[in-house]
Amino acid sequence: MIKEKIQQLSANIFNEVVANRRHIHAHPELSFHELETSVFVANKLEELGLEYHKMADTGLVALIKGDKPSDRVVALRADMDALPITEANDVPYKSQNNGVMHACGHDAHTSSLLGTAKILTELKSEFAGTVKLIFQPAEEKLPGGASLMIKQGVLENPKPQAVLGQHVMPFIDAGKVGFRAGKYMASTDEIYVTVKGKGGHGAQPQQNVDPVIITAHILTALQQVVSRFADPKSPSVLSFGKVIANGATNVIPNEVYLEGTFRTMDEKWRTDAHIRMKKMAEGIAESMGGSCEFNIMKGYPFLINEEKLTEATRSHAEDYLGKENVLDLDIWMAAEDFAYYSQVANSCFYRLGTRNESRGITSSVHTPTFDIEEDAFKISTGLMAYLAVKQLGN
Ligand SMILES: [Zn+2]
Ligand SMILES: [Zn+2]
């Protein structure tokens with residue numbers, strides 16, 4: 001039985017996967033600068049006798065062909081970049097690059113996919129179809145490694161019928177995974193606004209144009225884009241976390257600067273909302289005698305897990321791990337560049353539990369104390385291998 005063989009192979013490589021993860025964790029590199037990580041992955045692929053080619057500078061793509069004939073292709077994706085965070089964990093594999101840390105678990109994704117590659121390589125005679133391994137750069141930074149890899153043809157020659165991605169989740173216990181069919185994560189856009197007025201003495205408002213009051217109206221009015229114009233069935237979030245009015249108790253400033261984020265799960269609405277927000281802010285500023293520069297930097301699209309693929313993948317996961325270890329996920333308004341794959345190919349992005357409360361491993365991703373329970377590798381490598389061969393029709 002292929003499942004038992006995969007479980008055995010996965011147990012055999014556990015220590016190696018942990019060692020690889022610790023090496024990558026200790027040597028984190030920022031988005032688009034994954035040079036050593038890329039060489040590390042390339043060497044491991046070579047050890048497995050796999051040919052690879054480079055894409056988007058530091059990205060790598062390799063194929064594992066099953067010996068049995070089949071045209072089917074499944075792609076497995078891992079990201080490789082770290083974050084500009086100083087690690088606060090006192091662990092033997094602590095980051096050696098000051099100010100840079102694998103605080104989103106991409107070290108785990110990369111080492112796990114290398115483990116999956118090893119399992120599938122040893123299993124070649126047992127399955128039909130092709131597995132495409134994607135090691136991508138820069139998940140954490142716009143425009144996103146995924147978008148560059150896709151532009152450079154990562155989803156062509158051969159074209160996968162499905163793309164699977166796995167991401168650590170510190171809110172789920174190690175040993176379990178989570179799935180959600182349909183829309184799962186949000187699109188994200190950054191908003192930069194400068195509201196311009198005419199500053200002066202706070203005691204003489206009639207001689208000035210107060211950008212602080214204009215901003216107050218704009219901030220309140222923009223919330224109505226979400227509450228009155230968005231379809232209540234589809235989530236939208238608008239938050240402004242930065243508002244700078246550099247005046248004083250008795251000084252009205254010349255301008256106010258704002259930064260915010262807009263997130264949703266519908267591409268048409270996303271475009272409409274951009275136009276509406278800009279028009280509303282500019283209109284309010286103008287009506288009050290000022291002006292407004294409203295700029296939006298578009299980020300990642302929303303992430304959608306294709307229903308049929310996700311249902312099938314979920315049921316294969318239940319088969320591999322047992323029903324009790326496969327959970328349902330709620331939607332999450334964070335963003336992820338795997339969304340780019342999901343917009344153009346049938347895709348499934350699932351969560352790997354990495355929490356272990358008894359060892360204090362509970363911190364959220366993107367924090368200086370984030371870590372993973374490495375026992376998660378006891379299931380992650382084999383599960384992905386199993387999902388891949390099942391997706392290929394074996
Ligand atoms: Zn992240
Ligand atoms: Zn991440």
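Above this note sits the structure.
Residues numbered from 1 in each chain as written. Chains lettered and ligands numbered in written order. Predicted model: local features only at pLDDT ≥ 70, side-chain atom pairs only at ≥ 80, totals over all residues. Heavy atoms only, no water.

A.B. asks: Residues and numbers for helix H5 (residues 211-229), please.
C.D. replies: For H5, built from 19 residues, the straight-helix expectation of 27 Å at 1.5 Å per residue is met to within 8% by its first-to-last C-alpha distance of 26 Å. Every buried residue of H5 is listed here: Pro211, Ile214, Thr215, Ile218, Ala221, Leu222, Val225 and Val226. Buried residues in H5, looked at end-on, bunch into an arc of 160 degrees, giving them a common side. Where the residues of H5 are buried, they touch strand S8 (187-196), strand S10 (236-245), strand S11 (251-252), strand S12 (255-264), helix H6 (267-287) and strand S13 (291-298). For H5, the N-terminal capping position is held by Asp210, with its side-chain oxygen 2.8 Å away from the main-chain nitrogen of Val212. (Helix = DSSP H or I, 4+ residues; strand = E, 2+ residues; numbered from the N terminus. Expected span 1.5 Å × (residues − 1). Buried < 20%, exposed > 50% of the residue type's maximum accessible area, 1.4 Å probe, protein only. Arc of directions from axis to C-beta. Contact = heavy atoms within 4.5 Å. Polar contact = N/O pair within 3.5 Å; in protein donor to acceptor, adjacent residues only side chain to side chain.)

A.B. asks: Just give me the short version of the sheet that holds strand S4 (residues 128-136), but keep the residues and values in it.
C.D. replies: Taken in spatial order, the eight strands line up as S1-S2-S4-S3-S5-S16-S6-S15 in an open sheet, and their pairing is mixed. Across the chains shown, the open sheet's two edge strands, defined by having one partner strand only, are strand S1 (52-55) and strand S15 (326-328). Recorded for the sheet is a direction-independent mean angle of 30 degrees between the axes of neighbouring strands. Note: strand S6 (residues 177-179) against S15, three bridges, orientation parallel. (Pairing = 2+ DSSP bridges. Axes fitted to C-alpha atoms, helices over the stretch in contact; angles between N-to-C directions.)

A.B. asks: Help me get a handle on the coordination of the zinc ion (ligand 1), residues and values and all.
C.D. replies: Distances from the zinc ion (ligand 1) to its protein donors, Cys104 (SG), Glu140 (OE) and His366 (NE2), fall at 2.0 to 2.2 Å. Sequence spacing of the donors to the zinc ion (ligand 1): C-x35-E-x225-H. The metal-metal distance between the zinc ion (ligand 1) and the zinc ion (ligand 2) is 3.2 Å, with Cys104 coordinating both. Remark: His366 occurs in the loop between strand S16 (347-355) and helix H9 (377-391) and Cys104 occurs in the loop between strand S3 (68-79) and helix H3 (106-122); sequence separation between them is 262 residues. With a relative accessible area of 7%, Cys104 lands in the buried category. (Donors = N, O, S within 2.8 Å, 3.2 Å for Na, K, Ca; no water.)

A.B. asks: Kindly report on the sheet that holds S13, identifying the contributing residues and their values.
C.D. replies: One open sheet holds the four strands; their spatial order is S10-S12-S8-S13, and the pairing between them is antiparallel. Unpaired on one side and paired on the other, S10 and S13 mark the two borders of the sheet. Sheet twist, expressed as the average angle between the axes of neighbouring strands with direction ignored, equals 20 degrees. When S8 meets S13, the two strands line up antiparallel, connected through eight bridges. Residue pairing for S13: Val195 is matched across the bridge by Cys292. Each of S8, S10, S12 and S13 touches H5; the most contacted strand, S10, lies at about 170 degrees to it. Where H6 meets the sheet, it contacts S8, S10, S12 and S13, and its direction lies at approximately 160 degrees from that of S13.

A.B. asks: Describe empty space enclosed by the protein, naming the residues involved and giving the relevant values.
C.D. replies: Counted under the stated rule, the structure contains one cavity of 30 Å³ or more. If you add up the space inside the largest cavity, you get close to 30 Å³. Taken together, Arg77, Ala78, His109, Ser112, Leu113, Gln166 and Met384 form the lining of the largest cavity. Sorting the residues of the lining of the largest cavity by element identifies S3 and H3 as the ones contributing at least two each. With three residues, the single largest contributor to the lining of the largest cavity is H3. Of the residues assigned to the lining of the largest cavity, the class counts are three nonpolar, three polar and one charged. (1 Å grid on protein atoms, 1.4 Å probe; cavity = no way out; pocket = protein on both sides within 12 Å on 5 of 7 lines; lining within 4 Å. Points joined across faces, edges and corners; volume = space filled by probe spheres on them. Nonpolar A, V, L, I, M, F, W, Y, C, P; charged D, E, K, R; others polar.)

In short, the description is geometric, and any link to function would need to be established separately.
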